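# Secondary and tertiary structure notes
One-letter residues, chain by chain:
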Amino acid sequence: MAQAITSSDFDSIITSSDLPVLVDFWATWCGPCRALGPVIEEISDEMSNSLAVYKCNVDEEPELAQRFQIVSIPTVMLFKNGEVVHSLVGNMPKDELVAEINAHL
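Residues numbered from 1 in each chain as written. Predicted model: local features only at pLDDT ≥ 70, side-chain atom pairs only at ≥ 80, totals over all residues. Heavy atoms only, no water.

If you look the chain up in an unreviewed UniProt entry, it shows as Thioredoxin from Fannyhessea vaginae PB189-T1-4. The Sequence similarities (unreviewed entry) comment attached to the chain in UniProt states, word for word, "Belongs to the thioredoxin family." (UniProt positions renumbered as here; feature names shortened; annotations may be inferred.)

If you want it as C-alpha cells, here you go:
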C-alpha cells in the first residue's frame, strides 16, 4: 500500500531508499487522481520488491508541489538515487503506467 509522504520526510525517504521511489502527486478533489489512485495501490502491492510507492497530497504539501513544479495532477514521478528519472502527467491505464515505470527501473 502506498504511504503518504510529506515535506518533512521527503528528502530522507527519496535519498535513503534502496529501491526506486514512485511518488503520486494528487488531490482529493481531482477526478483523474481518484481514478488513478486504485491503480497506484495495485502497482504498490504488485511491485513492492522493486519499487517503493508514496502519495503526496498537493493541497497538504504545497511546498513539494512547488519544488517539483507540479502544475497538473495527477503527476507521477519516479526517483532513483534521489533524482527524478521520469515524470508522467495525467491518468492512464495500468498497463501503460507499468510499462513506463519498468522502462526506467
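Next comes the rest of the write-up.
### Structural notes on the state of the cysteines
Simply put, the disulfide is a covalent bond whose two ends are the sulfur atoms of two cysteines. The full count for this structure, using the stated rule, is one disulfide. One disulfide in the model links Cys30 with Cys33; its S-S distance is 2.4 Å. The chirality of the disulfide connecting Cys30 with Cys33 is right-handed, given an S-S dihedral of about 75°. Across the pair, Cys33 and Cys30 agree in class, each one buried. You can see Cys56 has no disulfide; the closest cysteine sulfur is in Cys33, sitting 11 Å from it. (Disulfide = S-S within 2.5 Å. Buried < 20%, exposed > 50% of the residue type's maximum accessible area, 1.4 Å probe, protein only.)

### Remarks on the side chain of Glu61
With respect to the helices and strands, Glu61 occurs in the loop between strand E3 (52–57) and helix H3 (62–67). At 3.0 Å, the side chain of Glu61 and the backbone nitrogen of Ser7 are in polar contact. For Glu61, the contacting residues outside a window of four places in its chain are Ile5, Thr6, Ser7 and Cys56. (Helix = DSSP H or I, 4+ residues; strand = E, 2+ residues; numbered from the N terminus. Polar contact = N/O pair within 3.5 Å; in protein donor to acceptor, adjacent residues only side chain to side chain. Contact = heavy atoms within 4.5 Å.)

### Points about the nonpolar core
Formed by 22 residues in total, the largest nonpolar core has its most connected members in Ile5, Phe10, Val23, Phe25, Phe68, Ile70 and Phe79. Contributing elements (two or more residues each) for this core: helix H1 (10–16), strand E2 (21–26), E3, H3 and strand E4 (75–80). Excluding residues that lie within four positions of it along the chain, Phe68 makes contacts with Phe10, Phe25, Met77, Phe79 and Val84. Judged by nonpolar contacts, the second largest core, of 15 residues, contains Val39, Leu51, Leu78 and Ile101. (Core = buried A, V, L, I, M, F, W, Y, C linked by side-chain atoms within 4.5 Å.)

### What about helix H2 (residues 31–46)?
Between its first and last C-alpha atoms H2 spans 24 Å; for 16 residues at 1.5 Å apiece the expected length is 22 Å, and the two agree. Along its length, H2 reaches its greatest deviation from straightness, about 30°, at Gly37, and the proline Pro38 lies no more than four positions downstream. Three or more residues of H2 are buried, namely Cys33, Leu36, Gly37, Val39, Ile40, Ile43 and Ser44. (Expected span 1.5 Å × (residues − 1). Bend = angle between axes of the 7 residues up to and from the residue.)

### So, the pattern of salt bridges
Taken as a whole, this structure holds four salt bridges when the rule is applied. Note that Asp11 is salt-bridged to Arg67, the shortest N-O span being 2.7 Å. In this pair, Asp11 sits in helix H1 while Arg67 sits in helix H3, placing the two residues 56 residues apart along the sequence. In this structure Asp11 comes out as partly exposed when scored by relative accessible area, which is 38%. We note a salt bridge from Asp24 to Lys55, for which the minimum N-O separation is 2.7 Å. In this pair, Asp24 is assigned in strand E2 and Lys55 in strand E3, connecting sequence segments 31 residues apart. Taken together, the shared-partner salt bridges connect Glu42, Glu46 and Lys94 into one network. (Salt bridge = Lys/Arg side-chain N within 4 Å of Asp/Glu carboxyl O.)

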